[in-house]
Amino acid sequence: MTSSKLSRLIARIERWPIAGAFTISRGSKTEAVVVVAEISRGGYVGRGECVPYARYGETPDATLAMIEALAGPLGRGMDRQALQAALPAGAARNALDCALLDLEAKSSGGRVWDLLGRAAPRPCTTAYTISLGTPEAMAAAAAKAAGRPLLKVKLGGTEDGARIAAVRRAAPESELIVDANEAWTADNLEQNLAECAEVGVTLVEQPLPADNDAALARIRRPMAVCADESVHDLASLEGLRERYDAINIKLDKAGGLTEAIAMADAARAQGLEIMVGCMVATSLAMAPAMLLAQQARFVDLDGPLLLAGDRDDGLRYDGSTVYPPDPELWG
């Protein structure tokens, strides 16, 4: 949407404490560091939030600088299509893409899904994450969350069989999905998959390093295996079908909702299942992903549930049911 009216960009880094700690195979953190972009025009303000992804060399300061470098073009009316060419897929483009979509919706007086020709989002069930720890600690966390229908279990160590078995004993009724965050190897892949299958795991996310995942094409996969670090944007879908059964679409990887929607449509056409994921962030980062959740087999939008507190007008969570955003939040 191009306008002759000048736009103003404001961007900032925010820090949101996590309730306890969030631990995966690559490390632990106690706060979510996000970058927020606000674009104002004609009395309306569009907002977007991103989480710089250290796995890909992104930092909050560098992401903020990338966003602020586009203040001039955005002020002159840069639209989402031009943005796709101006920045690569990543966190900075995500924040700006979502801010522009929010601005378009508010300026039009409608909702963002109407602008995009998509069905209005419905409430959906989100996974709830069990952080990596000892089998005993993970079992204790799973016991507290045993009433939730879908648990996402972080793995990535020599005791993964014991970990997933302990979680299953603690949460016998929950559907389990697993995220190894690239921590398995070709040598232990089949054993780990078998141990997951033994306790009824439905899906395993990114078991091998993204640059060393060829072994997935040579084995029988006992459950769906989902690409996360191995898939970023639309171009990276090529050749995935031999190794994976599903893809995890995250707005921070894809560089915004515009690219993510194109990815989801293309992946489904290739017979890949869709998972919608998130980083640990506030409801402002989750809200755009609710549009993708409508066509996803697995939804993992629990970021705000892991925080000590969410922003005002955040998404409504009723247990593991997450509701679409109100316009005061986004879209």
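Criteria and thresholds
- Numbers given for residues are sequential positions, taken from 1 along each chain in its written order.
- For this predicted model, a pLDDT threshold of at least 70 governs which residues receive local features, and a threshold of 80 or more governs which side-chain atom pairs are given and counted, while totals over whole chains, interfaces and linings are taken from all residues.
- Where side-chain values are given, they derive from all heavy atoms of the structure, hydrogens and water being excluded.
- Each residue's exposure class comes from its accessible area (1.4 Å probe, protein chains only) as a fraction of the maximum for that residue type: buried when under 20%, exposed when over 50%, partly exposed otherwise.
- Only runs of H or I of at least four residues qualify as helices and only runs of E of at least two qualify as strands under DSSP, and these elements are numbered from the N terminus.
- By definition, two strands form a pair when at least two bridges between them are found by DSSP.
- To pair, rings of Phe, Tyr and Trp, with the six-membered ring standing in for Trp, must have centres within 6.5 Å; the planes then decide the type, stacked if under 30 degrees apart, edge-to-face if over 60, and tilted in the middle.
- Over a ring means this: the NZ of a Lys or the CZ of an Arg is within 6 Å of the ring centre and within 35 degrees of the ring normal.
- UniProt positions are given in the numbering used here, feature names are shortened, and annotations may be inferred rather than shown by experiment.

### Comments concerning the pairing of strand β9 (residues 224-227)
At step 1: Every second residue of β9 is oriented toward a common face, with A224 and C226 on one face and V225 and A227 on the other, all of them buried.
At step 2: Two strands pair when backbone bridges link them, and strand β8 (residues 203-205) and β9 are joined in this way by 3 bridges, in the parallel orientation. Paired with V204 across the strands is V225, a residue of β9.
At step 3: Examined bridge by bridge, β9 and strand β10 (residues 246-249) share 2 bridges and lie parallel to one another. Residue pairing in the sheet places C226 in a bridge with A246 of β10.

### Points about the packing of aromatic side chains
Any aromatic ring pair is given by two values, namely how distant the centres are and how the planes are angled relative to each other.
At step 1: Scanning the entire structure with this criterion turns up 1 aromatic pair.
At step 2: Ring centres 4.6 Å apart and planes at 65 degrees place the aromatic pair Y53 and Y56 in the edge-to-face group.
At step 3: What makes Y56 partly exposed here is its relative accessible area of 28%.
At step 4: The side chain of R316 reaches across the aromatic face of Y323, ending 3.7 Å from its centre.

### Concerning unusual backbone geometry
With the exception of glycine, the majority of residues adopt a negative phi angle, and the majority of peptide bonds are in the trans configuration.
At step 1: You will see that N181, though not glycine, has its phi angle at about 50 degrees, which is positive.
At step 2: Mapped onto the elements, N181 comes out in the loop between β7 (175-179) and α8 (189-198).
At step 3: Of note in the backbone geometry, Q206 takes a positive phi value of approximately 40 degrees without being a glycine.
At step 4: Turning to its location among the elements, Q206 is positioned in the loop between β8 and β9.

### As for the UniProt feature "domain: Mandelate racemase/muconate lactonizing enzyme C-terminal" (unreviewed entry) in the protein
At step 1: Here, the residues flagged by UniProt with the feature "domain: Mandelate racemase/muconate lactonizing enzyme C-terminal" (unreviewed entry) are residues 135-226.
At step 2: Overall, residues 135-226 shows 34% helix and 17% strand. The separation of its end C-alpha atoms is 24 Å.

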